There are 2 protein chains.
Amino acid sequence: MTSHRDQESPSPAEIGLADRLHSAAIHLLRRLRVEDSAAGLSAPRLSALSVIVFGGPIAMNELARAEQVSPPTISRLADGLQTDGLIERIADPGDRRVQLLRATRKGRRLLEEGRLRRVRTLARALEPLSAADRRLLERAARVLQRISLPDRHPRQGS
Amino acid sequence: MTSHRDQESPSPAEIGLADRLHSAAIHLLRRLRVEDSAAGLSAPRLSALSVIVFGGPIAMNELARAEQVSPPTISRLADGLQTDGLIERIADPGDRRVQLLRATRKGRRLLEEGRLRRVRTLARALEPLSAADRRLLERAARVLQRISLPDRHPRQGS
DNA sequence: TGCCGATACTTAGCTTAGCTAATAAAAGTA
DNA sequence: TACTTTTATTAGCTAAGCTAAGTATCGGCA
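Calculation criteria
Residues numbered from 1 in each chain as written. Chains lettered and ligands numbered in written order. Predicted model: local features only at pLDDT ≥ 70, side-chain atom pairs only at ≥ 80, totals over all residues. Heavy atoms only, no water. Helix = DSSP H or I, 4+ residues; strand = E, 2+ residues; numbered from the N terminus. Expected span 1.5 Å × (residues − 1). Buried < 20%, exposed > 50% of the residue type's maximum accessible area, 1.4 Å probe, protein only. Arc of directions from axis to C-beta. Contact = heavy atoms within 4.5 Å. Near = heavy atom within 4 Å. Polar contact = N/O pair within 3.5 Å; in protein donor to acceptor, adjacent residues only side chain to side chain. Nonpolar A, V, L, I, M, F, W, Y, C, P; charged D, E, K, R; others polar. Salt bridge = Lys/Arg side-chain N within 4 Å of Asp/Glu carboxyl O. Buried area = accessible area lost by both parts, 1.4 Å probe. Least-squares fit on C-alpha atoms with pLDDT ≥ 70 in both. Axes fitted to C-alpha atoms, helices over the stretch in contact; angles between N-to-C directions. Parallel < 35°, antiparallel > 145°, perpendicular 65-115°, else oblique.

### What to know about helix α4 (residues 71-83) of chain B
Residues and elements named next belong to chain B.
Consideration 1: Under the 1.5 Å per step criterion, the end-to-end length of α4 is 18 Å for 13 residues, consistent within 8% with the ideal 18 Å.
Consideration 2: When α4 is considered as a whole, its buried residues turn out to be Ile74, Leu77, Ala78, Gly80 and Leu81. Angular distribution of buried residues about the axis of α4 spans 160°; they occupy a single face of the element. Those residues of α4 that are exposed and aimed more than 90 degrees away from the buried face are Pro72, Arg76 and Thr83.
Consideration 3: For α4, the secondary structure elements touched by its buried residues are α2 (43-54), α3 (60-67), β2 (87-91) and β3 (99-103).
Consideration 4: Positive backbone phi, approximately 75°, marks Gly85, located one or two places after α4.

And the structure:
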């Protein structure tokens, strides 16, 4: 307990916070999953597509790091997105090993539609909240976004 | 755009909020997944186990609703938890169709350990935050928890 | 130039978690 | 008793995650 200072016992308040954040994240995603999957966009696909759309052409390598998943997972995710015509693989002129992923027009459109659908669902859930609560969530989302990023990778989307 | 009034176009602020919440939830879970899976507890298992531990013996039916997944999914999830000795199926005295799920001592212990591990990870990520930001997250988690619940089901855990 | 280790991606093969459809058993009801 | 509804499971599919192993390219260096 007193040996390594970076493994201190967390307080009950911290335990509660972690629990609630975890639980809230799970239930939020489950609720949104229903909407998204109806349009053929699962959460992982949506997240990856978002990075591709907003991050411009990006190497699978980088995408894997940004999404915190292994290269094979990204490879198959890209396969699926490409099969559906949402992205395309293009060659990197400087390095023939890398495959750059670029969103197609269709991909951009679908992302926009999915985001609208999602926000409508969330908006319905958020309706009973006060404006103050909404601002609270807004700020909390930014804080979470800041701490959850694995490294610096200047994206805005997902 | 103007036809059905219950599908109003959301404001850019709402779109941004939905996007950030979605993204934050995904990345938060990805980060915690690494810790949890090391202990054999995936996010879905953890969430279900939490409901079972804190919600007392619960029918699969109810658990499926609480977790917002289909009955077969809960059935297999329960199989896995039971195989690992974390829960047990007991008969409902009043209705012989239902299988009540009850946590074992081992299940309670593992949940507690997982929650500690998780909170340590989160605590590390939360370290650079101010106390005000932490309180912000605490309140936001409660708000999210309130709106993400599918129905009334008086739990506290996940 | 040619070799060799490192890097980028893919393939193979596995697990978990989600779904729908179909089945079995129990409960409720006409 | 016979029909319907409810609860849970099984069967069979897909997506998404992983590790290990394979292929192609790059970069260095003798």
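Now that the structure has been shown, the text picks up again.
### Observations regarding unusual backbone geometry
Consideration 1: Phi is positive for Gln68 of chain A, close to 60°, though the residue is something other than glycine.
Consideration 2: Examined against the element boundaries, Gln68 of chain A turns out to sit in the loop between α3 (60-67) and α4 (71-83).

### What to know about the protein's contact with DNA strand C
Consideration 1: Near DNA strand C lie 25 residues; those nearest to it are Asn61 and Ser75 of chain A together with Ser42, Ser70 and Arg76 of chain B.
Consideration 2: Near the protein, meaning within 4 Å, the atoms of DNA strand C are sugar or phosphate in a fraction of 67%, with bases accounting for the rest.
Consideration 3: Within the contact set of DNA strand C, a base oxygen lies 2.2 Å away from a side-chain nitrogen or oxygen of Arg76 of chain B.
Consideration 4: Where the surface near DNA strand C is concerned, the elements lending two or more residues are α1 (12-38), α3 and α4 of chain A together with α2 and α4 of chain B.
Consideration 5: Residue composition of the surface near DNA strand C, by class: nine nonpolar, six polar and ten charged.

### Focus: the environment of Phe54 of chain B
All names here are of chain B.
Consideration 1: You can see Phe54 is positioned in helix α2.
Consideration 2: Of the residues examined, Phe54 reaches a relative accessible area of 31% and is grouped as partly exposed.
Consideration 3: As a C-alpha pair, Phe54 and Arg102 span 48 residues in sequence and 9.9 Å in three-dimensional space.

### A few points about the pattern of salt bridges
Consideration 1: Across all of its chains, the model carries ten salt bridges over all chains by this definition.
Consideration 2: For Arg102 of chain A, the salt bridge is made with Glu88 of chain A, and the minimal N-O distance between the two is 3.2 Å. Remark: Glu88 of chain A occurs in strand β2 (residues 87-91) and Arg102 of chain A occurs in strand β3 (residues 99-103); sequence separation between them is 14 residues.
Consideration 3: Note that Arg89 of chain B and Asp79 of chain B form a salt bridge whose closest N and O atoms lie 3.0 Å from each other. Of the two residues, Arg89 of chain B is situated in strand β2 and Asp79 of chain B in helix α4; the sequence distance between them amounts to ten residues.
Consideration 4: Judged by its relative accessible area of 36%, Asp79 of chain B falls in the partly exposed class.

### A few points about the interface of chain B and chain A
Consideration 1: Each partner contributes residues to the interface: chain B has 62 residues there, and chain A has 63 residues.
Consideration 2: Here chain B packs against chain A, burying approximately 6,100 Å² in sum over the two surfaces, 64% of which is carbon and sulfur.
Consideration 3: Where chain B meets chain A, there are zero salt bridges.
Consideration 4: Inspection of the region where chain B meets chain A yields zero residue pairs in polar contact (both at pLDDT 80 or more).

### Things to note about the relation of the copies chain B and chain A
The relation between the two copies of this chain is a rotation about an axis and a shift parallel to it.
Consideration 1: Take chain B, turn it by 180°, move it 0.1 Å along the axis, and it overlays chain A with an RMSD of 0.2 Å. Taken together, the turn and the small shift mark the pair as related by a two-fold rotation axis. Scanning chain B for the C-alpha nearest the rotation axis identifies Ala25 of chain B, at a separation of 2.3 Å.
Consideration 2: The overlap is high: 100% of the interface residues of chain B also sit at the interface in chain A, so the same surface is used on both sides.

### Here we look at the packing of α3 of chain A against α4 of chain A
All names here are of chain A.
Consideration 1: The geometry of α3 relative to α4 is characterised by a closest axis approach of 9 Å and an angle of 110° between their N-to-C directions. For the element pair α3 / α4, the angle class is roughly perpendicular. Here α3 contributes Met60, Leu63, Ala64 and Glu67 to the contact with α4, which in turn contributes Pro71, Ile74, Ser75 and Ala78.
Consideration 2: Residues belonging to the contact of α3 with α4 are distributed by class as follows: six nonpolar, one polar and one charged.

### Looking at the protein's contact with DNA strand D
Consideration 1: Near DNA strand D you find 24 residues, and of these Ser42 and Arg76 of chain A together with Met60, Asn61 and Ser75 of chain B are the closest.
Consideration 2: Counting only the atoms of DNA strand D within 4 Å of the protein, the fraction contributed by sugar and phosphate is 69%.
Consideration 3: One of the backbone nitrogen or oxygen atoms of Met60 of chain B is found 3.4 Å away from a phosphate oxygen of DNA strand D.
Consideration 4: Interatomic distance of 2.5 Å between a backbone N/O atom of Asn61 of chain B and a phosphate oxygen of DNA strand D.
Consideration 5: Looking at which element gives the most residues to the surface near DNA strand D, the answer is α4 of chain A, with four residues.
Consideration 6: For the surface near DNA strand D, the per-class residue count stands at nine nonpolar, six polar and nine charged.

Keep in mind these numbers describe shape, not what the thing actually does.
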